[in-house]
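# Examination of the molecular architecture
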Amino acid sequence: MWLARTTVAGGSFGAVGKQWWWLPTTTSAAGFTEIPVPSNINVVNLKETAAHYDGSLFICGGWTDNMVLTPDLNFWAQGIRAPTVVPTVATGAGTLTTSVICYLQWYDAETDEGSPLSAPSTTLALSAQGVSWTSLPTDPQNPRVTHLRFWRAVDGSLPRLVTERQIGVTSILESTAVGDLGEAFTEDFEKFPRCRYNAVWRDRQVMAGDDEHPDTLYLSLIGLPERKSISLRTKSGQPITGLAIVRDTLLVGCTRSFEVVSGYTEDDLAIEIAQPQIGLASHHSMRLIHGNLWVPNEIGFYVTDGSGWFFVGDDIEAKFSGEYKIRRDAYERSWAFHDPFDKIYGLYVGPHTDVASKNVFWAAAYDGVTPLEGGRMGQPDWSYDTFSRGYSCGEVLYIPNGRRGDLYLGGSADGTIYKANNYDPNVSGYDDDVADDGTKHLIIRTGAEGYGDFGGDLAHGKRFTEIDMFLATEFKDSTLNLYAGDEDAYPARAVTKTFLMEASRATSADDYVWQSKRVWSFGLANVSGRRLVVEVRADTTHRLEWAGYQVYWKEGPAPRRESATLEGA
Amino acid sequence: MARRGLELGNRRPAVLRTGPEFKWRGMWLGADPGSVPPNRLRHGENIRFRDGAIHSRGGLAKVNSTTLHSSTANVIDLQDFQVRTRKLYTLFTGCPGLSTTVGFSAGWYDADQSPAWQRGVYYNSATGNMVAGVYDGQLYLGVDDKLRVLKLINAPYGNSESLAFAGVEQGEHLGEFTGFTITALQEFDGMLFIGLDAGAGASKIVTWDGLTFRDDVTAIDPPSAFCKWRDKLVGGHSTSGIRIRDVGASPGTWATVAGAVAAVHMTSYKDVVYITEGGTEIWSYDGTTLGVARTVAGAEIRGITTYNDGSAIYLFYGYQSSGSEAVIGRFDGTTYVDAHYNITTTYSVARLPRTLLSYRGGLVAVTNTAASGGRLYISKGNDTDGTVAYTEVTQPSSGTSGALDAVVF
C-alpha cells in the first residue's frame, strides 16, 4: 500500500498534519484512510525521511518525534521511555531464598519493543518467600504500550525477565524459580533524540539532523532500530545535511563536505572525511539511481558510487550555481524524484530565471551517465520540466508485488496527488498536463548556429532560403520560429518567421502503420544573418517528436542592422 | 510552402541536423549562445530525449477527484510501503457463490491484493466444522477431523481470485483425529493447542510442536475457544466452565474453574479474561472469580476483541440486538458503552457481528447479513463510533453465503 502525508497551515501557529494510506485503485479522497497519530505528536511542516526495516517503516523529520509505522498500520513514536516509578516490592508467600533487586519495563507486544528498565527497587532478602509487587503503574503515558514487564536481578546477576502483564494490573505476587526466569537484560540504550534524517545501515538505524546537535550522528543497537546506542560527531565539525547508503557505504552529507562511516561494532565504528569540498544542498535532493547517488550542491551535480565522485553538471554549471546563489533557500529545501520510465532524475527548485511564471524541475536524462575512459563520467542531457502548480514530493509507487512503478507527484496547497505519464500514448491527451493550472509549454530552442560559415566582414553573411523540419505532431499543431541575426539575442527586432506544422496521425492500413507526416519544407524570404536559431513551440502538446532539420542558404548581406528594414526585402 | 522569389548569390550546400549519426542532446548553458554545439539546445522545456530525437514529456493526471484533507492541503510526502503479508482469513459455511450449506471454505481479505477479498480453499465434503489458527508463522486449518497447514498461493494482482487460480485445495495435510472434530486452535508456549470434540466427557486437547502430536488433556468436555492470559492458556468449553494451563511440556497440567459459561470467543483485556457465549452475557475471569461481567438484554453477543485506537486500548464486543441490528459496544475497563456504534443504521443489511478483529489499523466486524451472507465492516482508522462511516466489504462472487468467522494472520 501507499502512504501520503498532508499538512495544512494552522490557524495561528504551525500546521495540521495527517498521515494516510491508500491503494492503486484510489480515485477520490474517500479512498484514503487516515492513520491515527498519537495525540501528543504534532506535524512539522518539513519533508520526512523514511527507512524500512523488518517490516516496519521508520520515519524522521516530519513530526515532533521520530515515528514508526508498523505492518498493522499503527503509528507510534519511536522508543519507549522507562517507567518513572521505583518498584514497590515486599516479601510475600513463596519458595525463594535469595536476594533480589526488582525492575519494571514498559513493553509493546505488537512490535516487541520495550523501554529501558526503571530505577531499581531496594534489595529484598527472601527466605522461603515470594515477591509481592504492589502500586504498579497503570498509565504508561504512551498509547503503544500493552504490557508491564517484571525483571529481577538475583544475587547480583543481570536482571532477568520474570513475567509480563497487560496494562491495568495493579499488583502481583510471584515466586518464579531462578531456573524459570527468562532472558537477561544486557544492553543499555536510550531513546533517540528527534532527528530529521535516517537510514538503515548494517542492521542499525542511523539518524542525524538533531537540531540541538546538528553535527552528531546516532546509531542504534544492531537489530533494534529504536534503541540508540552510539553517537559520532563529524570530523569536520560541520552540520549534517543528509544521509545516504550507497553499496553498503554510509555517506554523511555535511554543509561543505562528505564523510564516511565504517565499521560494524561499537569497538570499530568510525567516521572520516571522504570529500572535503563536496557538500550536500538538501537531503531530499539525493537519489540513488542504478548504484549511483545523485548529489547536488553549490557547484552543481555529482554522482558517487560510494567510492568515486564524478561531476555531471558540466553543461549547466554556471547557470545552476548562479540560480542557487540567488535562491539559496529554495535550493536547500529542494527535493528530487527518479522516474525510471523516462530515465529522469528531476530536482524541484520552484521559480527559475529562465522560465517565467512557472515552477521548474532540473531534469537530467541519465542514459549517458556511464563511466568513460580516463576515469571520467558521461554527462546527462539536461532540460526543464515546468508546471504552473508547485509540487512538494515525488515518488515511484508500485502495486503490491509489482515489478514496475509509476511516478506520482504530491501537489502543493491543493490536496491532490498526480500521476505522471498517465495516459495511453496512442490517444489524444497523452502529453497534457490537464491537471496543471496553466498551459504546458514545450520549447526546443537551438543555439545561434553559424553552420561553420560566418562570412568575412560585415558585408557578408547568409540569406536563408529553405528549411526542412523533421517533426511529427499527432493530435495538435506545433509552431516553428526562426530567429536570424548575428547573435542570439540581437537585434531585438530580428526577423522571425513562424510556420505551422499541423497535426497528423499515424494511420493503420493494409497491415502496416503508416507514419504521420514528419517532413515539412518551408521556403524563406528575408531571413538573413550570420546565424540562425531554430525554435519549436507547442502548447499543451500531443505526442510530439522532433528529429531535427535541414537548412539551406546563399551568400548574402547580413549587416548588423539598427532598424528592422532589410536590404532586398 | 512560401512562394519563392528570385534569389541572388551562390547557393551553399544544405546542413543537416538529423540522421542516424546525429543525436540530439540536452541543454548547454554556457554564456555564449553561439558556442552551443550543433546537437545541443539553448533551452529545452518539457521534453524527453529518446532514440536520438526529442519527444514531448508525458502529461500528468489527477489521482483523486476530490481533495485530500483540505483544498489547500500540501501533499508533502509520498511513500511506497510494501508491507508484509497480513491477511484477514474468512471462514464460511459453504462457499460464496457455490453453496450456503455444503462444506466449508476459507478466503482472505487484503487491501493489497486484487480482488481484495478472494475465495481460497473449499472443502465441499466437510460436514463438521472449520477453524483457523496461527502457529510458527503459518496458518493452520482444522476441517472436521483433519488438520492442515495452508500453503498460500496468491493470484496475480488484478487477475483472478485464488480459488480460480490455484484450485480448491492449498493445504498440506498434517494429521487426522478420527472420531473427533477440531473446534479450536491456539498457539501457546511454542506449541499449537488443538481442541478436539467427541462429546461431553470424551473430548480432548492435543498439542503439536511441529514434529509430534501429544495428548495434553483427555476426557474433558468439548473445547470451544482458547485465549492467552497472563503467562497462561485459558480454554473454554461448549458446555460450561473454563480451564487454565501454565507453561510447560505436554502433557500439561490444567486447573478447572466452574461457571455456567459456554465459550464462543475469549480475549484478555487489562489482565482479565472476557468470554462471550452467543447470548446476552459477557463473562469475566480475573484469576479468582468467573462470573457475569455485563448483560445486554435481548442480545446475541459473539465477537469480542481488544483494539488500540491510538490513544488507549479498549475492549470491543459485537452483538445482534433484540431489534436484529448489528451493534458494537465498548468497554474501557471501567465503563461499558453498549451502543458505541450501530452498524445497521448505516448499512441496513448488517446483522450479527460474529467476530471482531483489529486489522491494519481498523476495527473489523465480521458479520452475517440479512439474506446476503457475510460482510466485513471496517472502521475508517480509529473512528470506531462511525463518525466517519465504516467501509462495507462484500463477499467475493455473487449470491448468498453461510455463516462467517475470521482470523488475522
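Our subject is the structure listed above.
Residues numbered from 1 in each chain as written. Chains lettered and ligands numbered in written order. Predicted model: local features only at pLDDT ≥ 70, side-chain atom pairs only at ≥ 80, totals over all residues. Heavy atoms only, no water.

Contact residues are listed per partner, giving 141 residues for chain A and 91 residues for chain B. The junction of chain A with chain B conceals about 10,600 Å² of combined surface from both sides, 52% of it contributed by carbon and sulfur atoms. Our enumeration of links across chain A and chain B arrives at 62 residue pairs in polar contact (both at pLDDT 80 or more). In terms of residue count, the dominant contributor to the side of chain A that touches chain B is strand 42 (residues 544-556) of chain A (twelve residues). Taken together, the residues of the side of chain A that touches chain B break down into 69 nonpolar, 38 polar and 34 charged. (Contact = heavy atoms within 4.5 Å. Buried area = accessible area lost by both parts, 1.4 Å probe. Polar contact = N/O pair within 3.5 Å; in protein donor to acceptor, adjacent residues only side chain to side chain. Helix = DSSP H or I, 4+ residues; strand = E, 2+ residues; numbered from the N terminus. Nonpolar A, V, L, I, M, F, W, Y, C, P; charged D, E, K, R; others polar.)

The next point concerns helix 1 (residues 317-326) of chain A. Residues and elements named next belong to chain A. Considered for burial, the residues of helix 1 that qualify are F320, E323 and Y324. For helix 1, the angular spread of buried residues about the axis comes to 100 degrees, placing them on one side. Within helix 1, the exposed residues directed more than 90 degrees away from the buried face are A318, K325 and I326. Structurally, helix 1 contributes buried residues whose contacts are with strand 23 (292-296), strand 24 (301-304), helix 2 (328-332), strand 27 (344-352) and strand 28 (355-365). (Buried < 20%, exposed > 50% of the residue type's maximum accessible area, 1.4 Å probe, protein only. Arc of directions from axis to C-beta.)

Pairing between side chains becomes possible if they bear opposite charge and their charged atoms approach one another. Scanning all chains against the criterion turns up 52 salt bridges over all chains. A salt bridge links E272 of chain A to K235 of chain A, with the nearest nitrogen and oxygen atoms 3.0 Å apart. Taken together, the positions of E272 of chain A in strand 21 (residues 270-275) and K235 of chain A in the loop between strand 17 (224-233) and strand 18 (240-246) put the pair 37 residues apart, joining distant regions of the chain. When salt bridges with common partners are traced through the structure, they connect D342 and D385 of chain A together with R48, R50 and R57 of chain B into a single cluster. (Salt bridge = Lys/Arg side-chain N within 4 Å of Asp/Glu carboxyl O.)

Attention shifts here to the pairing of strand 26 (residues 335-339) of chain A. Within a regular strand, side chains alternate between the sheet's two faces. Residues and elements named next belong to chain A. Of all five residues making up strand 26, five are buried, and the element is well covered by its neighbours. Of the two faces of strand 26, both are covered, the one formed by W335, F337 and D339 as well as the one formed by A336 and H338. With five bridges joining them, strand 26 and strand 27 adopt antiparallel strand pairing. Bridge assignment links D339 to a residue of strand 27, and that residue is I344. (Pairing = 2+ DSSP bridges.)

Computed from the structure, the second largest pocket encloses a volume of approximately 980 Å³. For the second largest pocket, the lining is made up of 33 residues, of which A50, M286, R287, L288 and E395 of chain A are closest to its centre. Mapped by element, the contributors of at least two residues to the lining of the second largest pocket are strand 4 (49-53), strand 14 (197-201), strand 18, strand 22 (287-289), strand 26 and strand 30 (391-398) of chain A together with strand 6 (74-80) of chain B. Here the lining of the second largest pocket takes five residues from strand 30 of chain A, the largest share from any one element. Per-class residue counts for the lining of the second largest pocket are 19 nonpolar, eight polar and six charged. (1 Å grid on protein atoms, 1.4 Å probe; cavity = no way out; pocket = protein on both sides within 12 Å on 5 of 7 lines; lining within 4 Å. Points joined across faces, edges and corners; volume = space filled by probe spheres on them.)

According to the stated counting rule, one finds six cavities of 30 Å³ or more in the structure shown. Here the largest cavity is characterised by a volume of approximately 90 Å³. Around the largest cavity, the lining is made up of 14 residues, and of these D385, L407 and A420 of chain A together with R48 and R57 of chain B lie nearest the centre. Classifying every residue of the lining of the largest cavity by side-chain character gives seven nonpolar, two polar and five charged.

Before going further, it helps to examine the environment of A93 of chain A. Residues and elements named next belong to chain A. Within the secondary structure, A93 is located in strand 8 (residues 88-108). Looking at A93, the relative accessible area reads 57%, which means it is exposed. Sequence separation between A93 and Y549 is 456 residues, and the spatial gap between their C-alpha atoms is 97 Å. Those residues in contact with A93 that sit more than four places away from it in its chain are Q129, G130, L173 and S175.

Here we take up the nonpolar core. Within the largest apolar cluster, 70 residues are counted, with the highest numbers of intra-cluster contacts made by W294, W362, M469, V534 and W546 of chain A. Per-element accounting of this core gives the leading share, seven residues, to strand 28 of chain A. (Core = buried A, V, L, I, M, F, W, Y, C linked by side-chain atoms within 4.5 Å.)

Residues and elements named next belong to chain B. Judged by how many residues are buried, strand 27 (residues 313-320) sits mostly within the fold: seven of eight residues are covered. As paired strands, strand 26 (residues 300-308) and strand 27 are joined by seven bridges and run antiparallel to one another. Each residue of the ladder has a partner; that of N308, found in strand 27, is I313. Hairpin connection between strand 26 and strand 27: a loop of four residues separates the two successive antiparallel strands, and G310 in this loop has a positive phi of roughly 95 degrees. The pairing of strand 27 with strand 28 (residues 326-331) spans six bridges and is classified as antiparallel. By the bridge assignment for strand 28, Y319 is matched with V327. Following strand 27, the chain reverses through five residues before pairing antiparallel with strand 28; S324 in that reversal takes a positive phi of roughly 60 degrees.

Here A484 of chain A lies in strand 35 (residues 478-485). Taking the C-alpha atoms as reference points, A484 of chain A and G529 of chain A, separated by 45 residues in sequence, lie 5.3 Å from one another.

Next up on the list: the sheet that holds strand 19 (residues 232-237) of chain B. Residues and elements named next belong to chain B. Strands sit in the order 18-19-20-21 across an open sheet of four strands; the sheet is antiparallel. The open sheet is flanked by strand 18 (223-229) and strand 21 (254-257), the only strands paired with a single partner. Taken over all neighbouring pairs, the strand axes of this sheet differ in orientation by 25 degrees on average, direction set aside. Note: strand 20 (residues 242-245) against strand 21, four bridges, orientation antiparallel. In the sheet register, R245 faces strand 21, and the bridge partner there is W254. (Axes fitted to C-alpha atoms, helices over the stretch in contact; angles between N-to-C directions.)

So, on to unusual backbone geometry. Between S114 of chain B and the following residue, P115 of chain B, the backbone shows a cis peptide bond with an omega angle of 0 degrees. Tracing the chain through its elements places P115 of chain B in the loop between strand 8 (99-109) and strand 9 (117-123). With an omega of 5 degrees, the peptide bond between S250 of chain B and P251 of chain B qualifies as cis. Phi is positive for A128 of chain A, which is not a glycine, with a value near 50 degrees. If you trace the backbone, A128 of chain A turns up in strand 10 (residues 124-134). Positive phi, close to 60 degrees, is recorded for S324 of chain B, a residue that is not glycine. By the secondary structure assignment, S324 of chain B is in the loop between strand 27 and strand 28.

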